[in-house]
Amino acid sequence: MNALADYSGAQLLTIKNTVAKDTNDLEFDLFMNAARSYGLDPFRKQISAIVFNKDDEKKRQMAIIVGRDGLRALAARCGDYRPSSEAPEVVYDESLKSPSNPKGIVSVSLRLWKQDNKGDWHPVFGQALYDEFAPLKEEWSFNQEAGRKTPSGRFYPITGNWAKMPVVMLTKCAEGQALRAGWPDRFSGLYAEEEMEAAQMRDVSPADADMTPSERIEKERVHHRENAIGGRAIMMTMDPSGALLRIPVGEVADRCMEFIREADPVEVHTWSIQNREPLREFWAASPNDALAVKAEIEKKTANLGEAA
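Residue positions are counted from 1 within each chain, in the order its sequence is given. Reporting in this predicted model follows two pLDDT cut-offs: at least 70 for local features of residues, and 80 or more for side-chain atom pairs to be given and counted; totals over whole chains, interfaces and linings ignore these cut-offs and use all residues. Note that the side-chain values use all heavy atoms of the structure and ignore hydrogens as well as water.

Participant: Help me understand the overall build of the protein in this model?
Facilitator: Secondary structure counts use DSSP, requiring at least four H or I residues in a row for a helix and at least two E residues in a row for a strand, with both numbered from the N terminus. A tally of regular secondary structure across the protein gives 14 helices and 10 strands. Residue pairs in contact within the protein that sit at least 24 positions apart in sequence constitute 54% of those at least 6 positions apart. In short, Shrake-Rupley with a 1.4 Å probe defines the accessible areas, and a residue's cover is counted only from the protein chains shown. A total of about 17,000 Å² of accessible surface is found on the protein, and carbon and sulfur atoms cover 50% of it. Residue contacts are defined here by distance: any two heavy atoms, one from each residue, within 4.5 Å place the two residues in contact.

Structure representation (structure tokens):
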């Protein structure tokens, strides 16, 4: 069935002139097919399209953006998703207040809920650090000695919604992080507009200003992987509160072993689900130690099935 058949010509023209205004005919057809495939409504701004390098045919590329309502609509269809039941946790630091961070925000964290095949609900954590997601742009100036432009260390002040409601903007980024962590099959590769905005602004120097959207997204993924292990550390939770801790890779095995020894089997099982993604990160960083932790988890929880 034609993906455009659900819309009249007038409706398609309206979409083309609003949420997909820079697309050419081929890009517009692709965008509308994506909207149909995801079951998202362009008129409600659940999905939109932006075009990078629109004046350069060789570098021109379209990116499809899913709005917050669109992401939540997709999540609701998963069948094993439950939205957060509490306000996001916002961390402030007075010393960080500046023109580029007026409220001194450090991070926003939240938890969504995912149901396992036994019907139990488990938290899925998402965290967005202000200095990773806020769309700051560094000022570059010509360096006489180097003979080229170099970063000045000065950043442009934040404007728009990031200046008016930074907590809301950062919460959207944290929610996107949690959705991709808990439901990778559904959300892998889908980014909210706020995340794309940060990816466009951050570290876009004269040297990489011509990067395509996909290259920028890959750079952003690398950036988040590096920050997730910031100085070879991994974000994990080590208590029932679900609070995230930044644990150096060299200490992860010892901390995990200590928790497994002291906790009961049910707590260990729940903890291993909560930390599924961090444990995978640990496996990539230190496979031998991760294997030992995995063995201890399996040993501690071996009799859970019998108890049930």
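Participant: Even after reading the chapter, I still don't get the packing of helix H10 (residues 249-262) against helix H11 (residues 265-274), so can you show me in this structure?
Facilitator: When two helices pack together, their arrangement is given by the angle between their axes and by how far apart the axes lie. At their nearest, the axes of H10 and H11 sit 8 Å apart, and the two run at 145° to each other. Packed against H10, whose contacting residues are Cys256, Phe259 and Ile260, the element H11 presents Glu267, Val268 and Trp271 at the interface. When residue character is reported, Ala, Val, Leu, Ile, Met, Phe, Trp, Tyr, Cys and Pro are called nonpolar, Asp, Glu, Lys and Arg charged, and the others, Gly included, polar. Split into classes, the residues belonging to the contact of H10 with H11 amount to five nonpolar, no polar and one charged. To get an axis, a line is fitted to the C-alpha atoms, and for a helix only the part in contact is used. The angle between two axes follows their N-to-C directions and goes from 0 to 180 degrees.

Participant: How should the side chain of Thr301 be read in this particular structure?
Facilitator: Tracing the sequence through the fold places Thr301 in the loop between helix H13 (287-300) and helix H14 (304-307). Overall, Thr301 belongs to the buried group, its relative accessible area being 18%. Look past the residues within four positions of Thr301 in its chain and what remains in contact with it is Pro265, Val268 and His269. In this scheme, a residue with accessible area under 20% of its type's maximum is buried, one over 50% is exposed, and one in between is partly exposed, where area comes from a 1.4 Å probe on protein chains only.

Participant: What should I look at first to understand the pattern of salt bridges in this one?
Facilitator: Pairing between side chains becomes possible if they bear opposite charge and their charged atoms approach one another. Only one rule defines a salt bridge in this text: a Lys or Arg side-chain nitrogen within 4 Å of an Asp or Glu carboxyl oxygen. A full pass over the atoms with the stated rule returns 10 salt bridges. Residues Glu194 and Lys172 are paired through a salt bridge, measuring 3.3 Å at the closest nitrogen-oxygen approach. Taken together, the positions of Glu194 in helix H8 (residues 193-201) and Lys172 in helix H6 (residues 166-182) put the pair 22 residues apart, joining distant regions of the chain. With a relative accessible area of 9%, Glu194 lands in the buried category. For the salt bridge of Glu298 with Lys294, the shortest nitrogen-to-oxygen distance reads 2.5 Å. Taken together, the positions of Glu298 and Lys294, both in helix H13 and four residues apart, correspond to about one turn of that helix. The exposure class of Glu298 is partly exposed, given its relative accessible area of 45%. Among the residues examined, Lys294 registers a relative accessible area of 42% and is labelled partly exposed. When salt bridges that share partners are traced, they join Arg68, Arg72 and Glu175 into one network.

Participant: Is there a simple way to explain the nonpolar core in this structure?
Facilitator: Nonpolar side chains in soluble globular proteins generally cluster together in the buried interior. Of all hydrophobic cores here, the largest spans 41 residues; its most connected members are Phe31, Trp162, Leu170, Leu179 and Phe187. Looking at this core element by element, the count peaks at six residues for H6. Working definition of a nonpolar core: buried Ala, Val, Leu, Ile, Met, Phe, Trp, Tyr and Cys residues. They are joined through side-chain atoms within 4.5 Å. By size, the runner-up hydrophobic cluster in this structure holds 19 residues, among which are Met236, Cys256, Ala263 and Val268.

Participant: I would appreciate a short explanation of the packing of H11 against helix H12 (residues 276-285) in the present structure.
Facilitator: Where H11 contacts H12, the two axes come as close as 4 Å, and the packing angle between them is 70°. Looking at the two axes, H11 sits roughly perpendicular to H12. Every residue of H12 that contacts H11 at Trp271, Ser272, Ile273 and Gln274 is listed here: Arg276, Pro278 and Leu279. The class makeup of the residues in the contact of H11 with H12 is four nonpolar, two polar and one charged. Here the angle decides the label: under 35 degrees means roughly parallel, over 145 means roughly antiparallel, 65 to 115 means roughly perpendicular, and every other value means oblique.

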